[in-house]
Structures are given as C-alpha cells and as structure tokens.
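# Structural overview for review
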Amino acid sequence: MIGDGGIRALREALDQGEFSSVELTETCLARIAEHDAELNAFITVTAERALEAARAADQRIAGGDAGPLTGIPLAHKDIFCTRGDLTTCGSRMLEGFVAPYESTATARLAAAGAVPLGKTNMDEFAMGSSGENSYFGPTRNPWDPKRVPGGSSSGSAAAVAAGLAPAATGTDTGGSIRQPAALCGITGLKPTYGRVSRFGMIAYASSLDQAGVLARSAEDCALVLQAMAGADARDSTCAHEPVPDYAGELGGSLEGLTIGLPAGYWGDHVDADVADQVCAACDELERAGARLVDVSLARCNEAIAAYYVLAPAEASSNLSRYDGVRYGHRCNAPRSLQDLYERTRAEGFGPEVKRRILTGTYALSTGYYDQYYGAAQKMRRVIADDFAGVFEQVDLLAAPTAPNVAFRIGEKSADPIAMYHSDINTVAVNLAGLPAISLPAGMVRELPVGLQLIGPHFSEARLLCAAHSLQQRTDWHRSEPR
C-alpha cells in the first residue's frame, strides 16, 4: 500500500477511495510491529493517537477538505516535543519526560492533516554520526542490519528506507539529516537556518540546529517542507522570508543552471567508488541541461575542526539545564546540591554527550576562549564568506554526501576522531547556515551512495527542482532494501 509512488500517489489513492487513512495507518503500524524489533527505528509508537488522527483525516477527505498531507502517516524524530507523548532525545536523562507542549514543526504538520506514527530513535541529544549513541540501543540500517544507518536522525532514515513511514522529520546540526539519508538510500533535505521554526525542538547547538525532512523523493520533501516552513513568533531565529510553492516549482528546467564541483569535497578522504558513483549522477544532471564547473572552497577542510569546537561549546551551555532539579532524570538520595548535579549528570548522560560537554566547557573556559572558541568563530565567518564568493560564480554545488558507504556497527566506536570525520562533507553547510539536500546516487558494494547538492540561502526551491529533475531521469530513489 505504501509503495514507491510517494506521497502524491498516496494522496491520489486516498482521494479516490482506494483505501482510507485508517487503513494506510494500520498498514504502517503493522510494518512497524513486524520489522522494528530488528531495526530499532522507533522509541515510541503512538498507535492510538495515529488512528485518531487518521479517522479525523478521513472525515476531512470525505468533506472535500484534504490538503497534500491529509491522512499521510509521518514519523517524528524524538527531539521534537509532541504534547502528551514521551520526548526522550534518545537519552536516559529524558527517559520518562512527557512533553507538555507541541513543537511548531509537528503542530504545523498536524494542522495539515498528517498522521503521527510515533517518535524515532536518534543519537543521544543529536550527538552522533552513526545512530549508535542512543540510550535505547543502536538503530540498524535496513540495507544491512549489521551496519549503521548514519546519525543523528537514524530512526527517521531507517523508518523511511524500510517502508515503515512515507516520510519523517529530522534535524541537522552538522549533517544529521543528509548523512543518514545517504547511508539509507533516501532523500534528506536540510533547509536554510531559520527556514523552519526551532520552537519545541530540543537544542543541541542552537546556532546550527535546523529541522528538515527525510523521504523517498525530492517531491515528497517539497510537500512536507511546504507545511513546516514559515515565520514563527515563538522563535526569534526563524526567518520571515516568504515560503515558495516548493512542489509547484519542481518541474523547472535545468537549462542554464551552473553547478560547481568543489575540489575539497572530492579529495582522498572520499572512497574512490563512492566518488565515481556521484560523478555519474552529476553527469546525469549535465545531460539534463546543467553546466558543471570546477570551483574552490579554500577553507572548507577546516570546517570539521571549527564545528567540533563550536557545537560542543553550545552543547555545554544548552545541556546545563539538565540538573535533576526541574525535570528529567534525578539521582537517588542526593547528599548535597553538588552531589545531585554530579550523579544526575553522570547517570543521565551517555559517553558521547559527556565527551562533547567537557570539550565545549574547556573551549569556553578562561584562558582558552580566544584560543579555541574565538578562533573557531572567526573560521566560521571565513567559511561563510567562501560560500558566498563561490555562489557568485555558480547556482549550486554538488559533492558526495558521505565519504564512504555505511560502516559496520561498532567499527568506529573506539575512535571518536574517525567517527567525527564521517561528517567532513556536511558540517560546513551548517556553519554557513545554507540549505542542502542529499539524494540517492546509486550503489557501491550493494550499499547506497548519496549525492549532496548545496545552495545559497533560501534556495530550497532550486535545490528541490534539481533533485527532482535527476530523480525523473533515474530510479535510484526507488531502490528498496531486500
């Protein structure tokens, strides 16, 4: 019933009465029950709430009041607060936390008639590149359950790739939508910083975090983004830019579009077979009318160092609220306030979160602030200026999303630096606040490969159009795990 026709095909089937939203939702819930024990893509399944929303959607459809997402089941990354549901961020610290309010992103999707299936697994507090850092256990890649799905939006990517949900929300701080999309063979859109409200999205690094979409195709991403995007008075960082008709602009021609190939994104750190496959995808874009040119981003190779100073620094501030006093995990029988803080955080946070808090606190400490945090902020400005300069020459950039295909679970767990380098082709986009999309670009060793397209600020419509054009010419996005 879910099939590979995407949200538009489901919309047409619902409108024509081929099946109801309740039946579609029951199919998704049945697939979750059948496959999630192996994949661990969901932390919480909200079956009762989903069926209630599906019944309401069927009434809207019957009354002729259906929008593009009415009756379409979606999954939400467990970083978005959803009123009355567990919202854990993949952490013991929030293991029993029930959100008292709704995030703007999920509220807008609910208003559009989408059906919430549940909350997906994730690296704890969005800190990870593999989906292995969740307190609730690692998520597994549907293409090979012995391999990682990428992180931190691991559960959302695995759920979509396995056909448990037509689409899912995710968040991207340094590649956490695009990288799992690449490793799971689906499409993942990270919008411009401020394009989607962060209200009700639990913070990791506030100047980098951005909500987005994981789905089978660029068209599906366009339909979901349409409902999520727009200004929000409750988020002072949310942009007031008008929201285009993303789906309506998908059919544009690529004639005259110039796509840059930044040399630093194609270096020796990229697996040769992955690079070849992505090159083949770029050739398809050229055959569709785009012009490919080589460009240089002089400082992009320094993005990973800047990111892993700035993101942990912001995390050390944001996560200081988890102290055992107001909400979340609390240690038993604290002997003093200091003991409460120390044991609550020692018990509630996992190893990777502790590592980043300590790194960030050190970078912000007296005597090291200018040496580390201040220098990283300056490099962030330089990287943003590099992007601005190159976008005076080209319309979009193209590169491999991830340097390798999905690696085996546990393969990099003992080497944090190697794990951090999984994000080497994605973090610069977040430092500059740019939009980017990852889309399937074929297979290497029977595992998916992702092509990343990057655009200037608020160029989501152009990115989606280019991605859609490629997907009209290829069927990589229709490949499914066996």
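To keep things clear, this report deals only with the structure shown in the data block. Here the structure is a predicted model, which is why all the values come from computation and not from measurement. (Residues numbered from 1 in each chain as written. Predicted model: local features only at pLDDT ≥ 70, side-chain atom pairs only at ≥ 80, totals over all residues. Heavy atoms only, no water.)

### Thoughts on helix α4 (residues 104-111)
Among the residues of α4, those classed as buried are Thr104, Ala105, Thr106 and Leu109. Turning to α4, the residues buried within the fold contact β2 (73-77), β4 (167-172) and α7 (218-228). Following α4 by one or two positions, Gly113 has its phi on the positive side, about 95 degrees. (Buried < 20%, exposed > 50% of the residue type's maximum accessible area, 1.4 Å probe, protein only. Helix = DSSP H or I, 4+ residues; strand = E, 2+ residues; numbered from the N terminus. Contact = heavy atoms within 4.5 Å.)

### Observations regarding the sheet that holds strand β5 (residues 187-190)
A sheet is described by the order of its strands in space; here 11 strands give the open sequence β1-β3-β2-β4-β6-β5-β10-β11-β9-β7-β8, paired in mixed fashion. The open sheet has two edge strands, β1 (42-45) and β8 (291-295), and neither has a second partner. When the angles between neighbouring strand axes are averaged without regard to direction, this sheet yields 30 degrees. The pairing of strand β7 (residues 258-262) with β8 spans 5 bridges and is parallel. Counted as the bridge partner of Pro262 is Val295 from β8. Taken strand by strand, helix α8 (residues 272-287) contacts β7, β8, β9 (396-400), β10 (436-444) and β11 (447-454), and its axis lies near 50 degrees from that of β11. (Pairing = 2+ DSSP bridges. Axes fitted to C-alpha atoms, helices over the stretch in contact; angles between N-to-C directions.)

### With respect to a nonpolar patch on the surface
On the surface, a cluster of nonpolar side chains totalling about 270 Å² of accessible area is made up of Tyr362, Tyr368 and Tyr372. Structurally, Tyr368 can be placed in the loop between α11 (351-364) and α12 (369-390). For Tyr368, a relative accessible area of 31% puts it in the partly exposed group. (Patch = residues over 30% accessible without salt bridge, like charges linked within 9 Å, V, L, I, M, F, W, Y side chains within 5 Å. Areas by Shrake-Rupley, 256 points an atom, 1.4 Å probe, with all protein chains shown as cover. Salt bridge = Lys/Arg side-chain N within 4 Å of Asp/Glu carboxyl O.)

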